[in-house]
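# Reading the structure
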Amino acid sequence: MAKFSLDDADDDPPVATAREKRKRDDGPADAEDEPPRARGSAGAGREPPAPGAEAAGRRGPAEEMADGEVEGGLSVQIDPDVLDCSICFESLRPPLYQCQNGHVACFSCWSKLSNKCHICSRDAKFARNIALEKIVESIKSSCSYAKWGCCKFINYAQRDAHEEGCLFAPSVCPISNCGYRGFTGRWSGHFLTSHSSDVMRFIYGQPFEVNIEVSVPFLVFLGEDDHLFLLLNNNLTYFGHAFSVVCLRSGNLNWMFSYQIEATSRKKPENRLQLKASVTNTRQWTGIYPSEAFLLVPFDFCHSSTIGFNISIERYAVV
C-alpha cells in the first residue's frame, strides 16, 4: 500500500483559504501566524517503534501517520498542485476526464469545455481517467491546522471543505479593513502593534467599567490569556440597544466563559439593568448578533451619545 505525502513548497504554509493555498502562482497570503503544512496518507498501520522511542514520549496517530510510518508500504511524495484542476484550481474530485493526450479536467470544468481541450486548444474526445480517480480517492490528508489541535484525516478531495469550517482554523481580526488572520493566544502582539488604541485588557473575575458610543458596533477586550472578546452593540431602532459578548477564537475549547454586564441609567441611577450569560464562541464576527441572550438597554439609559457599563468576564475549565 502506498502512502502519499503532500510536498508543499514551504515548511509552514500561509494561513489562507483553501482555494488561496492551491493557487501557488499568486504568491503567499499575508497572514502573520502560520500553522505547519499538511501531509497526507493513503495507508493504514504503523511500523513498530524504534528502540527507545517510547521513552521519548508517545505521539498521536495523526502525527505518526504524517511521518510516513506505513507498515510494509511505499512512501512517496507528490506535489499537491498535480491534485488540483488546472482550470479552476480546486481539488480534483471524481469523475475525472481527460482528452486523448492525457490532459485532465474536473467534472465541473469538463462539462463547460464543449469537447475542446483547454491545453490542446482543439477538438478532443474526452474519456474517464479511472486510474487517476482511484489515486485521488485513496489519498487522505491531515488538516493544515494539525499543529493547532486538529487531528482529523480527511479525503484529499474534501480537504478544502473541511478547512473552511475547521474549528482550529484562524480567526479574522474584527477591526475594519485589517484582514489579519490569527490564532487564539497570539492576539496581543497584533493589537499592540496595529490597534493599541482599539483594545482594552482585563483580568478574569475582576469587574471593569467601559463607555461605548451608541454608534460604535463593538468594543474589543483582550483577556490575560490572549482570548479576544467583543462587546457587541446591536442598535434596535424602536427599542434601544442590545448588548452581548462573544469570544473570537479557534482551537481546542478547554476554557469556557461567562459574563455579567450591568447598565445604570444616567438620569435615574437607581434604575439598573443586569444580565449574566454564557459567552458565545465564534471564529469570525460577520455582523450576526447572538439571539439567545443579550441585554436590552432603552434609549433613556443613554447619556448624550454614550452608554456606561460595569462588566465582568469569568473563565472556567471544561470538565
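Cut-offs used in this document
Residue numbers run consecutively from 1 along every chain, following the written order of its sequence. Reporting in this predicted model follows two pLDDT cut-offs: at least 70 for local features of residues, and 80 or more for side-chain atom pairs to be given and counted; totals over whole chains, interfaces and linings ignore these cut-offs and use all residues. The basis for every side-chain value is the complete set of heavy atoms in the structure, and neither hydrogens nor water enter the calculation. Each residue's exposure class comes from its accessible area (1.4 Å probe, protein chains only) as a fraction of the maximum for that residue type: buried when under 20%, exposed when over 50%, partly exposed otherwise. In this text, helices come from DSSP runs of H or I with a minimum length of four residues, and strands from runs of E with a minimum of two, each type numbered from the N-terminal end. This arc is built from the directions going out from the helix axis to the C-beta atoms. When DSSP finds at least two bridges between two strands, those strands are taken to pair. Contacts were defined at the residue level, with two residues in contact if any of their heavy atoms lie within 4.5 Å. Angles shown run from 0 to 180 degrees and are taken between the N-to-C directions of axes, each axis being a line fitted to C-alpha atoms and, for helices, limited to the stretch in contact. Stacked, tilted and edge-to-face pairs are distinguished by plane angle, under 30 degrees for stacked and over 60 for edge-to-face with tilted covering the rest, among Phe, Tyr and Trp rings (Trp via its six-membered ring) whose centres lie within 6.5 Å. Residues qualify for a patch when their relative accessible area is over 30% and they have no salt bridge, like charges being joined within 9 Å and the nonpolar side chains of Val, Leu, Ile, Met, Phe, Trp and Tyr within 5 Å. Surface accessibility follows the Shrake-Rupley procedure with a 1.4 Å probe radius. Residue values consider only the protein chains on display as shielding. Any carboxyl oxygen of Asp or Glu within 4 Å of a side-chain nitrogen of Lys or Arg constitutes a salt bridge here.

## Remarks on helix α4 (residues 130-138)
When α4 is considered as a whole, its buried residues turn out to be Leu 132, Glu 133 and Val 136. Around the axis of α4, the buried residues are gathered within 105 degrees of arc, so they sit on the same side. For α4, the exposed residues lying more than 90 degrees away from the buried face are Ala 131 and Lys 134.

## A closer look at the sheet that holds strand β5 (residues 104-106)
Sheet architecture is open: three strands sit in the order β5-β4-β6, paired in antiparallel fashion. Taken across any chain shown, the strands that pair with only one partner, and hence form the sheet edges, are β5 and β6 (127-128). Where strand β4 (residues 96-98) meets β5, three bridges bridge the pair, whose relative direction is antiparallel. Its bridge partner lying in β5, Tyr 97 is registered against Ala 105. Each of β4, β5 and β6 is contacted by α4, which is oriented at about 145 degrees to β4, the strand it contacts most.

## A few points about the packing of aromatic side chains
Per the stated rule, a full pass over the model turns up 14 aromatic pairs. The interplanar angle of 75 degrees and the centroid separation of 6.3 Å between the aromatic rings of Tyr 204 and Phe 229 together place this pair among those described as edge-to-face. One end of the pair, Tyr 204, is in the loop between β11 (199-201) and β12 (208-213); the other, Phe 229, is in strand β14 (residues 228-236), and 25 residues separate them in sequence. Measuring from centroid to centroid gives 5.6 Å for Tyr 204 and Phe 257, while their planes differ by 25 degrees, and the two rings are stacked.

## Thoughts on a nonpolar patch on the surface
A contiguous nonpolar surface patch, about 500 Å² in accessible area, is contributed by Tyr 238, Phe 239, Phe 294 and Leu 296. Along the chain, Phe 294 turns up in the loop between β18 (280-282) and β19 (295-297). According to the relative accessible area criterion, Phe 294 is partly exposed, its value standing at 36%.

## Things to note about helix α6 (residues 187-194)
Of the residues making up α6, those classed as buried are Trp 187, Ser 188, His 190 and Phe 191. Projected onto a plane normal to the axis of α6, the buried residues spread over an arc of 165 degrees and lie on a single side. In this structure, α6 carries Leu 192 and Thr 193 as exposed residues pointing more than 90 degrees from its buried face.

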